[in-house]
Amino acid sequence: MLGRDKLCAVVAAPDARSMRRQLVRALRETSTVELRLDWLSSDAEITHFLGQLAPIRPKATVIATCRRHEAGGRYRGSIAKQLVHLAEAIRAGCTWYDLEIETVRQCPPELVDVLLGDGRQLTSAHFFRGMPANLSRVALELRRHRPDAVKIAAQCDSLADSRKLLDFAQKQRNIVAVPMGDVALPARFLALRGKRAFAYAPVENATAPGQITLEEMKHVYRADEFDGRTRVYGVIGNPIGHSLSPAMQNAGFAARRMNAVYLPFLVRDLEDFLDSVGPLGIRGFSVTLPHKERMIGRLDGCDPLAARIGAVNTVVVRGGGKLYGYNTDYVGVLRSLERRMPLRGSRVLIVGAGGAARAVAFALAQAGAAVCVSARRHERAKSLARAVGGEAIARVRVRREFFDAIVNATPVGMHPQVGRSPLEANELNCRLVFDTIYRPRLTRLLQLAVRRGIETVSGIEMFVAQGTAQWEIWTGERAPVAAMRRAVVQAVTREEYTAGMERTVKKRTIR
């Protein structure tokens, strides 16, 4: 509708040089670009950038946006100056301009025609506080001055709201619908399966809630290749932004050339997600905190071992929308530890008593290990120990005991609280420490173990093992383990490098 490509790269920066650099990057990935002129620091910087704009790639579709502060943008100049900048953009080669409803209401259409008549108009309305009560009324007002297309962007705090907005747009002509917010992120992706699909993706700086970068959209999710046959999988949790499951699972789909995608679902309301499984065409999903145990009661069927564990991390959607659950954390534990130590007869301490800890406990008990459990709530530790024929150990006893291995099955030490450890150094009386956390790769707990000369196992081992098992359950094919592991390691390495650089800059700044 607005361009040949489904992905519209958003170029936004405070200075002309950075805008130009982002534009060059954007045009390597897509031929549809939005220039957020309102992000530039001054009127002079806008004019300077537009003066350097030509030549734009001939076949590119470029949208000029100079959104005023009153409409959620950054431009604080007058409407007259806003229109002048948009006119400059059209002369510089932009084919479209985005004019927000707040300006349209105050500006005579004759003036817009005189100044901007050579460009195509996209009239937009943005609702940052939630869905408008009447979408039809909004669309009617946007179309009053007969623009070439209209856009409605709304904060959606549920998948139900996201579906409502996208369903409305599908029934209309020349409407761009943009669900905003972290909960709505998967819906923005799935809208791209439609024929008139369109999505914004920033080159560097997000300009609306819930955006994902152009690089991720294209190279992690392959969103520009979506169509009506794209199979949908995902991971549900709260929080979910830290998860590397999308990088791993999508690498598997890419390696096998499958028309499938795996998306992150921020799920605060489990019922809202489950109500969307059918309408969004979801075929399977991973389950992480805090839903692993809650999910059991929402299933139509469950693998016997997962039922005994009392937690699932994998769900398959079968015929008629029936949900069937598994627990592949069990597989991840065994694959991570069996190659490093004989489990039968070993004494292993599990720290934690939640869903992840239950999977670890049942895996170790099944393998013949003597299971010990220590948790912040001792009653939960005793309950889990009874379930696997093990022993509950109070925290005060831990430093006086010796174990063949200690396994952390709590989220303590997980990003962003990377400086925390569930145990102190003098409590690590063991031969091996295994942390189920994979982000960061070397947690505070593992650092303490290394200093004491204790062998360590990163959570990446378990993460890849359980994830490849999930992939095989959903697809029925052998997983490309090497490609999936490589994607995880590369993502963690990039993240750790960036964090290290930020710490270095911070130290220099303080000095």
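See above for the structure.
Everything quoted here is computed from the prediction, not taken from an experiment.

**Concerning the overall build of the protein chain**
Line of reasoning, step 1. Secondary structure assignment for the protein chain yields 19 helices and 20 strands.
Line of reasoning, step 2. Based on the C-alpha atoms only, the size of the protein chain along its principal axes is roughly 85 × 60 × 40 Å.
Line of reasoning, step 3. Out of the 511 residues in the protein chain, the part that is buried amounts to 57%.
Line of reasoning, step 4. Put simply, of all contacts in the protein chain between residues at least 6 apart along the chain, 68% involve residues at least 24 apart.
Line of reasoning, step 5. Of the accessible surface of the protein chain, which amounts to about 22,800 Å², a share of 48% is contributed by carbon and sulfur atoms.
Line of reasoning, step 6. Across the protein chain, the mean location of the 77 positive side-chain charges is 4 Å away from that of the 50 negative side-chain charges.

**Notes on the pairing of strand β18 (residues 403-408)**
Line of reasoning, step 1. Burial analysis of β18 places six of its six residues in the buried class, which makes it a mostly covered element.
Line of reasoning, step 2. Note: β18 against strand β19 (residues 430-435), five bridges, orientation parallel. Directly across from A405, in β19, lies its bridge partner L432.

**A short note on the pairing of strand β14 (residues 323-326)**
Line of reasoning, step 1. Alignment of strand β12 (residues 301-302) against β14, held across two bridges, turns out to be parallel. Bridging across to β14, G301 finds its partner in Y324.
Line of reasoning, step 2. Sheet topology note: the strand β13 (residues 314-317)/β14 ladder contains four bridges and is antiparallel. Directly across from V315, in β14, lies its bridge partner G325.
Line of reasoning, step 3. From the end of β13 to the start of β14, which pair antiparallel, there are five residues, and G320 there has a positive phi angle of about 75°.

**Here's the deal with helix α6 (residues 135-142)**
Counting along an α-helix, one turn takes 3.6 residues, and residues three or four places apart therefore face a common direction.
Line of reasoning, step 1. Within α6, the full set of buried residues consists of L135, V138, A139 and L142. For α6, the arc enclosing every buried residue in end-on projection is 95°, short of the 170-degree limit, so these residues lie on one face. Across α6 from its buried face, at more than 90 degrees, point the exposed residues R137 and L140.
Line of reasoning, step 2. On its buried side, α6 packs onto α4 (101-106), β5 (120-127), β6 (149-155), α7 (159-170) and β7 (175-180).
Line of reasoning, step 3. With a side-chain oxygen lying 3.1 Å from the backbone nitrogen of S136, the N-terminal cap of α6 falls on N134.

**Observations concerning the pattern of salt bridges**
Line of reasoning, step 1. The tally for this structure, following the rule as stated, stands at 24 salt bridges.
Line of reasoning, step 2. Between E29 and K218 there is a salt bridge, with the nearest N and O atoms lying 3.7 Å from each other. Linking E29 in helix α1 (residues 16-29) with K218 in helix α9 (residues 214-219), this pair joins segments that are 189 residues apart in sequence.
Line of reasoning, step 3. E29 sits in the partly exposed class, given a relative accessible area of 27%.
Line of reasoning, step 4. One salt bridge in this structure joins E495 and R439, with 2.6 Å as the shortest N-O distance. Taken as a pair, E495 in helix α19 (residues 481-510) and R439 in the loop between β19 and α17 (444-451) lie far apart in primary sequence, 56 residues in all.
Line of reasoning, step 5. Beyond isolated ion pairs, a larger network of salt bridges with shared partners links R347, E391, R397 and E401.

**Looking at the sheet that holds β13**
Line of reasoning, step 1. Strand order in the open sheet made by the six strands is β10-β9-β11-β13-β14-β12, with mixed pairing throughout. Only two strands of the sheet have a single partner each, and these edge strands are β10 (260-266) and β12.

**What to know about the packing of aromatic side chains**
Line of reasoning, step 1. All told, the structure shown has eleven aromatic pairs when counted by the stated rule.
Line of reasoning, step 2. Taking the centre distance of 5.9 Å and the plane angle of 45° together, the rings of Y262 and W474 count as tilted. Separated by 212 residues along the polypeptide, Y262 in strand β10 and W474 in helix α18 (residues 459-475) bring together distant segments of the chain. In this structure, Y262 and W474 share a single accessibility class: buried.
Line of reasoning, step 3. An aromatic cluster is built from Y233, F253, Y262, W471 and W474, whose rings are joined through pairwise contacts.
Line of reasoning, step 4. Positioned above the aromatic ring of W39, the side-chain terminus of R74 is 3.5 Å from the ring centre.
Line of reasoning, step 5. Its guanidinium or amino end placed over the ring of Y324, R318 lies 4.0 Å from that ring's centre, counting from NZ or CZ.

Cut-offs used in this document
- Residues numbered from 1 in each chain as written.
- Predicted model: local features only at pLDDT ≥ 70, side-chain atom pairs only at ≥ 80, totals over all residues.
- Heavy atoms only, no water.
- Helix = DSSP H or I, 4+ residues; strand = E, 2+ residues; numbered from the N terminus.
- Buried < 20%, exposed > 50% of the residue type's maximum accessible area, 1.4 Å probe, protein only.
- Contact = heavy atoms within 4.5 Å.
- Areas by Shrake-Rupley, 256 points an atom, 1.4 Å probe, with all protein chains shown as cover.
- Lys, Arg positive; Asp, Glu negative; His and termini not counted.
- Charge placed at Lys NZ, Arg CZ, Asp CG, Glu CD.
- Pairing = 2+ DSSP bridges.
- Arc of directions from axis to C-beta.
- Polar contact = N/O pair within 3.5 Å; in protein donor to acceptor, adjacent residues only side chain to side chain.
- Salt bridge = Lys/Arg side-chain N within 4 Å of Asp/Glu carboxyl O.
- Phe/Tyr/Trp six-rings, centres within 6.5 Å; stacked < 30°, edge-to-face > 60°.
- Lys NZ or Arg CZ within 6 Å of the ring centre and 35° of its normal.

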